[in-house]
Structures are given as C-alpha cells and as structure tokens.
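Residue strings, one per chain:
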Amino acid sequence: MLRTHRRIATLSIALSSLLATTPGFAQAPPTPAPAPAPAPAAPTGDVNEAKKLFEAGMKFYKAGQLQEALASFRASAQQVPRESTQRNIAQTLRDLKDMSAAYAAYETLLQTYGPTMKLVDKQDVQKALDELAVVTGTVNVSVTDTNATVNLDGKDVGVAPMVMRLNVGPHVITVTKPGFDKLEKKFEIVGKDAITVE
C-alpha cells in the first residue's frame, strides 16, 4: 500500500491528542527519551517540485500506470529523498514484478530510514524483504582475477568481485578480462538460491 507524506504525520498528531486527553496518560511521569537519531540531511532539491512529482506518481499509481508512477516517484526522490517516496518506489517495483529491484529498494529504505522509522513500519519492511528473498536468488561472482567485467544477460553490470540479487528464471553470466579466457555460466534462479561463479 502506498503512503502519502501527510498520513503518517496525521496519525502521529491524532495519537498524541488521544494520549494527552486520556486519564492516566496525561499525568504519567515522563520516561527518559532514547538517544536521538541523526538528523536527516537537509533537502538540496526543489521541495515543491518533489511534491508535484510525488502527487503525480500517486495519480499514476491509482490509475494503474505503474511505469509512469515509478518514474515520478524516482524523480521526486532525486529532488528531495523521503521515506514515503522510497517506500512507494519499492512497492511499485514489487507490483511490476521486478522482485530483485524491489528487494534492493526495500533494503535502501531500511538502511536509510530504519533508525527513525516506527517499529511497525520497520516490521512491514522486514516482512517484505523476507517475502522477496523467497522469490529471488543471489549470485556471487568471485573470480580469482579481480576487476574483470561482469555481463548479466547481455548487459554489463560491473566488475568482479560482486554479489547480485536476481529474479527467478534463466540467466547467463559472462566474465571477461583482457588477456584471460572468457568465463560463461548459464543457470536458473528458482528462489532462495545462492550461486557462486568462480
């Protein structure tokens, strides 16, 4: 389910008001506050543009135009990164059935915003990661000669050594380096795989 910027803030205000007016809560002695999380970096992009792009993404998503929604959310995040935007990127990728990209997006969400997220939201993200791990697999390209070019399914993706998470289905990895024989491996990801290419 996608999030809006305002929904979380509204829920927090409503909960604070309820606790303040409920007998027993208002008079309770304050508990020591946990150490504050590091403050997020100040936005460097155009906040109004980010908001427009986010709202456009929500409209596209509700209309079932997922590719357009994803492009809008990503553009919004480039202007001003937000937890809600990153969550929507992850969910849209999942709806597009790009499970490995969705996993990476949820992982970024947890790594970037985990220290300031509510417990229930962190649990939701971890649940999504657990579910996506079942329908993806990892490939560890660990060749003796480092800095060799790694090609996945006809596209250069980086240099060895590297670990990738892939969607289910057949794949071909080719590892090349000038002066060395080409290494090629064909395999199929069925879910929860851990394949090593060396």
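Preceding block: the structure.
Parameters and conventions
- Residues numbered from 1 in each chain as written.
- Predicted model: local features only at pLDDT ≥ 70, side-chain atom pairs only at ≥ 80, totals over all residues.
- Heavy atoms only, no water.
- Helix = DSSP H or I, 4+ residues; strand = E, 2+ residues; numbered from the N terminus.
- Contact = heavy atoms within 4.5 Å.
- Areas by Shrake-Rupley, 256 points an atom, 1.4 Å probe, with all protein chains shown as cover.
- Pairing = 2+ DSSP bridges.
- Axes fitted to C-alpha atoms, helices over the stretch in contact; angles between N-to-C directions.
- Salt bridge = Lys/Arg side-chain N within 4 Å of Asp/Glu carboxyl O.
- Buried < 20%, exposed > 50% of the residue type's maximum accessible area, 1.4 Å probe, protein only.
- Expected span 1.5 Å × (residues − 1).
- Parallel < 35°, antiparallel > 145°, perpendicular 65-115°, else oblique.
- Left-handed = near helix turned anticlockwise from the far one by under 90°.

(A) Fine view of the overall build of the protein. Check the secondary structure of the protein and you find six helices and seven strands. Ordered by position from N to C terminus, the α and β elements of the protein give α-α-α-α-α-α-β-β-β-β-β-β-β. Here the analysis covers contacts within the protein between residues at least 6 apart in sequence; of these, 51% occur between residues at least 24 apart. Only carbon and sulfur atoms are counted for the fraction: they give 57% of the accessible area of the protein, which is about 12,300 Å².

(B) Examining the sheet that holds strand β1 (residues 136-141) more closely. Spatial strand order, β4-β1-β7: three strands in an open sheet with mixed pairing. Every interior strand has two partners, whereas the edge strands, β4 (162-167) and β7 (194-197), have only one. With strand direction ignored, the average angle separating the axes of adjacent strands in the sheet is 25°.

(C) Here's a closer look at the pattern of salt bridges. By the definition in use, this model includes two salt bridges. A salt bridge links E83 to R87, with the shortest nitrogen-to-oxygen separation between them at 3.4 Å. Of the two residues, E83 and R87 are both situated in helix α4 (residues 83-95); the distance of four residues between them amounts to about one turn of the helix. For the pair E83 and R87, a shared accessibility class is recorded, and that class is buried.

(D) Region of interest: helix α5 (residues 99-113). Its 15 residues give α5 an end-to-end C-alpha distance of 21 Å, which sits within 8% of 21 Å, the value for a rise of 1.5 Å per residue. If you check which residues of α5 are buried, you get M99, S100, A102, Y103, A105, Y106, L109 and Y113. Buried residues along α5 sit in contact with α4, α6 (119-134), β1 and β4.

(E) Representation of the packing of helix α3 (residues 66-79) against α4 within the structure. Between α3 and α4, the least distance of the axes is 9 Å, while the angle of their chain directions is 155°. It follows that α3 is roughly antiparallel to α4 by the angle criterion. In terms of crossing hand, the pair formed by α3 and α4 is left-handed. Contacts between α3 and α4 involve L66, A69, L70, F73, R74, S76 and A77 from the first element and T85, N88, I89, T92, L93 and D95 from the second.

Worth remembering: the numbers are spatial, not functional.
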